[in-house]
Each structure stands twice: as structure tokens, then as C-alpha cells.
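Each chain is listed here by its residues.
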Amino acid sequence: MKSRRLFFISHRDMRKNRADAVHIMRICREFVRNGFEVTLITPRTIRFEYSKRKSEIWNIHKIEQVFSIVELPVLLFDNMPRIFMPYSRIMRYLNFFLYFIYLILFKKIGSNDLIYSSDHTSTLPVIHMRKLNFVSCRIFLDKGDNIDDKIRRYVAANIDGMIAINDFIKNEAIRIYGIGEDKIFKRSFPSMIEDFKEYNLRSKEDYRKELELSLNDKIVVYSGKIAPNLVEIDLLLQAAKILQSQNIMFYFIGIREIYKSYYENYLKENKFSNIVFIDFQPVDSFIKYIKMADILVSYYDGNDFYSAHLRVPAKSSMYLSSGIPSIFADVPSLREWFSDDMVYFVKPNKPDILANTIIKIFSDKEEALGKAKRSLEYAKANDYSKSYYEVSQFMLSRFEQESINI
């Protein structure tokens, strides 16, 4: 039997290692390891900041070139305002439609192959073609939300399987879309322990020397999206203000050029002396900044329904793999995966409690190191290899069930 080709449909481009892109690249690597011939299909996003060539993608993500990447000329710009969402959807639909016409005409896709998609809109063309009997491949959707709209309902009704990131999404998909329980699979937590293996051999002091940072500072690191009026950043800045007299430094990793002047003025106006903003980093140096930390923090607010029930921050895959004490917001979506034995949970919207927790970690190093050790053990037992082997087996089982039904 011919090897199964897997076409991964993404609405994110890979030329910047944002959380979604890092995640997708590693999923593709695991699908290759599980025997699929993988082609990742993405839109070509025009970016004026952090502009990279396609050939640089592999180094940016620090991942081996074991699958193909096709970039479609969708004419999208980075960080387009939401007002352009209809345009973005139309362009994605047209480009993916034309690409699948090409695959069909040149017989590069067949009944033994499958589509794995993280985008509803870009999945529509292949669904329409399958309804017209132009193609007979299987279609699977990676589901990270439970939004109820016509497109999502239509896609859910016309795919062969769905992969959910947690129990809440799985149960809501069954309730909202009427999907049979055998058609939806909750994947396990995918840590990035493989990517940290070589980095965990070196000490925090080694990385501080390499990055030319103080060996004596107490450092808390946040990594991720940084923008004015982002609630998570505002809460962390409030906690940093409280801890300024404690000489505890906060490093925010991933600031974009357009926001630098805003935060420079903000720090001056509020007389901060313990805040450092670091540019967006490729995966290699990004991990080094994580490894130089004393504490890692992610702190969603509790007012956001998505944060409370849907999101598992991509940074958690890195944090738990680092062997460094981690702080997370105490919300249901994170309680599903992690326990008090592994991480420090802090109630949302409580920068004072967050500050006190940071002080506690520095004062009780034995407890902190114990939690960090258990989180590292958890990461070793729950990685991308395990998670997407299980996903691969689920998809293959759906092939067999469909064949029996036919």
C-alpha cells in the first residue's frame, strides 16, 4: 500500500515562530515520524517587521527539514485589523481551492490520503470538492475553540474526525455540533521536552553569561504576546511594581518593534526600575531566555471566557520542559492538565497574590525545586511524540471504520 500523504492546512505562516507556528511545525514532524508524507500548506503573509526568507524557516524553529512547506499567495499582511477578516477568509478560500484543483488534476491526492486542518475556512474547498466527488480523502480538524457559527457547523458536519485540545471543547463540540463521541478525540498534553533536551544539560548561570546578564539578579520571565492594554501584561506589570522594592527583575520576552516606544515611555512615567523588554526571538535563543530564569510566569485574567475554559498556553509546553518553577492562572482549562504538585496556581486578576507567590518561591526553594522536578517528569511522560502518535492512531482508526461502513 502506498504511504499516506497528509496535507496540513494552516491559516498561519511559518516565517515567524509565534506560538501557533511552533506548535504546527512540531505536529508535522510527529506525523512524519508516524509514517505520513507531510505537506504543510500555509498562506504567504507579508511582514514588514521580522521579515525572513522561506529557507530560514527551519532554523527559526530549530527543527529538521523532514516535510514540505507550500506557501500560497494569499496576499495577507501581518496583524491585519479585524475589519479585514471577510477579505482574509475569501482570499484563503480561493487560494486553497485553486491549490486543491492542482492536486486533483495532477493526481497528487487520493483516497488513501488525509487533510489535517487547523482552520475552518481553508477546509471548506476540500469539503466542497469531496461533495462533488472530485476527491475522496479523509478530513480531520484540529479544534481549539467552541464558537458556534454557520461555517463551523458546516465543517463539523462534513469531516471524518475532530481533535480537541481539552475536555471542555470535546464536550461542547458534541453538544453544539451534534458530533458522535467516536468522531472526536481529546489529545494529550504535548510538552517540548525533546527540544529542551540539550538545553537542560547546561545551568542557569551558563545562559546568563552567554546572554550577558547578571548572575545575582532574581529574575521572573514572561514569554508571549506583548501589547498595550493587554490584560495579562497589565497584571504582570502591577505585580512587578509591588516587587520593585524586593529587587526582583521581570523580563518580558517577545516585544515587537512597534510597541517599544510605548513601553519605554510607560516605564519612565511609572518609574519602573525592574522591567526589561526583550525582542522577539527565534526558538534557540528563546529557550535560552527561559532557561536563565528563576521563575516562569503565565497569567491569564479570569474575565475572559476563552482563557478560563479554552486556552492552554503554548508557553506551558516550554515552561514544564525547563525544570524551572512555573506560575499559572488558576482557571479550569489549566487545572485539567496540571496540579498543585507541579506548578503554582494563582487566582486570576490578583496581582498582589501573584507578587506574594513570587516572594514565596524565592523564600522556599525546596518546595519550588520539588514542583519544578515534578513538572519536568510530567513533561517527559507527556510530549509531542506521545500526543500525536495517539492522534495518528485515532485518524487511522477512522479510516478503518469508514471502510467498514462503505
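Before reading further, recall that the structure is shown in the block above.
We now turn to the structure provided with this report. (Residues numbered from 1 in each chain as written. Predicted model: local features only at pLDDT ≥ 70, side-chain atom pairs only at ≥ 80, totals over all residues. Heavy atoms only, no water.)

Quick notes on the pattern of salt bridges
Then comes step 1: Summed over all chains, the structure comprises 37 salt bridges.
Then comes step 2: Salt-bridge contacts for Asp-20 lead to Arg-12; the nearest nitrogen and oxygen are separated by 3.0 Å.
Then comes step 3: In this structure Asp-20 comes out as partly exposed when scored by relative accessible area, which is 36%.
Then comes step 4: Residue class for Arg-12 comes out partly exposed when judged on its relative accessible area of 30%.
Then comes step 5: Arg-130 is paired through a salt bridge with Asp-160; the nearest N and O atoms lie 2.6 Å apart. In this pair, Arg-130 is assigned in helix 4 (residues 120-131) and Asp-160 in the loop between helix 5 (150-157) and strand 6 (161-164), connecting sequence segments 30 residues apart.
Then comes step 6: Judged by relative accessible area, which is 7%, Asp-160 ranks as buried.
Then comes step 7: Put simply, Arg-26, Arg-29, Glu-30, Arg-33, Glu-64, Glu-194 and Asp-195 are held in one network by salt bridges that share partners. (Salt bridge = Lys/Arg side-chain N within 4 Å of Asp/Glu carboxyl O. Buried < 20%, exposed > 50% of the residue type's maximum accessible area, 1.4 Å probe, protein only. Helix = DSSP H or I, 4+ residues; strand = E, 2+ residues; numbered from the N terminus.)

A short note on unusual backbone geometry
Then comes step 1: Its identity as a non-glycine residue notwithstanding, Asn-229 has a phi of 70°, on the positive side.
Then comes step 2: Inspection of the secondary structure puts Asn-229 in the loop between strand 8 (218-223) and helix 9 (231-242).
Then comes step 3: Here the phi dihedral of Asn-247 falls at roughly 60°; this positive angle occurs in a residue that is not glycine.
Then comes step 4: Topologically, Asn-247 is positioned in the loop between helix 9 and strand 9 (248-255).
Then comes step 5: Judged by its relative accessible area of 59%, Asn-247 is exposed.

Some points on the pairing of strand 5 (residues 138-143)
Then comes step 1: In terms of residue burial, strand 5 counts as a mostly covered element, since six of its six residues are buried.
Then comes step 2: Here strand 5 shows two buried faces, one formed by Arg-138, Phe-140 and Asp-142 and the other by Ile-139, Leu-141 and Lys-143.
Then comes step 3: Where strand 4 (residues 114-117) meets strand 5, four bridges bridge the pair, whose relative direction is parallel. By the bridge assignment, Ile-115 is partnered in strand 5 with Ile-139.
Then comes step 4: Assessed by its sense of winding, the connection that carries the chain from strand 4 through helix 4 to strand 5 is right-handed.
Then comes step 5: Bridge analysis of strand 5 against strand 6 gives four bridges, and the strand direction is parallel. Across the sheet, Asp-142 pairs through a bridge with Ile-163, a residue of strand 6.
Then comes step 6: Traced from strand 5 through helix 5 to strand 6, the parallel crossover comes out right-handed. (Pairing = 2+ DSSP bridges. Right-handed = clockwise from strand over helix to strand, strands pointing away.)

Focus on the packing of aromatic side chains
Then comes step 1: According to the stated counting rule, one finds 26 aromatic pairs in the structure shown.
Then comes step 2: A network of ring pairs unites the aromatic residues Tyr-222, Phe-252, Tyr-262, Tyr-263, Tyr-266, Phe-272 and Phe-277 as a single cluster.
Then comes step 3: One residue, Arg-202, lies across the ring of Tyr-207, its end atom 4.4 Å from the ring centre.
Then comes step 4: Sitting over the face of the ring of Tyr-344, Lys-371 holds its NZ or CZ atom 4.6 Å from the ring centroid. (Phe/Tyr/Trp six-rings, centres within 6.5 Å; stacked < 30°, edge-to-face > 60°. Lys NZ or Arg CZ within 6 Å of the ring centre and 35° of its normal.)

Brief notes about the environment of Ile-57
Then comes step 1: Note that Ile-57 resides in helix 2 (residues 57-61).
Then comes step 2: For Ile-57, a relative accessible area of 0% translates into the label buried.
Then comes step 3: If we skip the residues at most four places from it in the chain, Ile-57 touches Met-14, Arg-15, Met-25, Ile-69 and Glu-71. (Contact = heavy atoms within 4.5 Å.)

Quick look at a nonpolar patch on the surface
Then comes step 1: A cluster of nonpolar side chains, contributed by Leu-75, Ile-83, Phe-84 and Tyr-87, occupies part of the molecular surface with about 420 Å² of accessible area.
Then comes step 2: Considering the arrangement of structural elements, one finds Leu-75 in strand 3 (residues 68-77). (Patch = residues over 30% accessible without salt bridge, like charges linked within 9 Å, V, L, I, M, F, W, Y side chains within 5 Å. Areas by Shrake-Rupley, 256 points an atom, 1.4 Å probe, with all protein chains shown as cover.)

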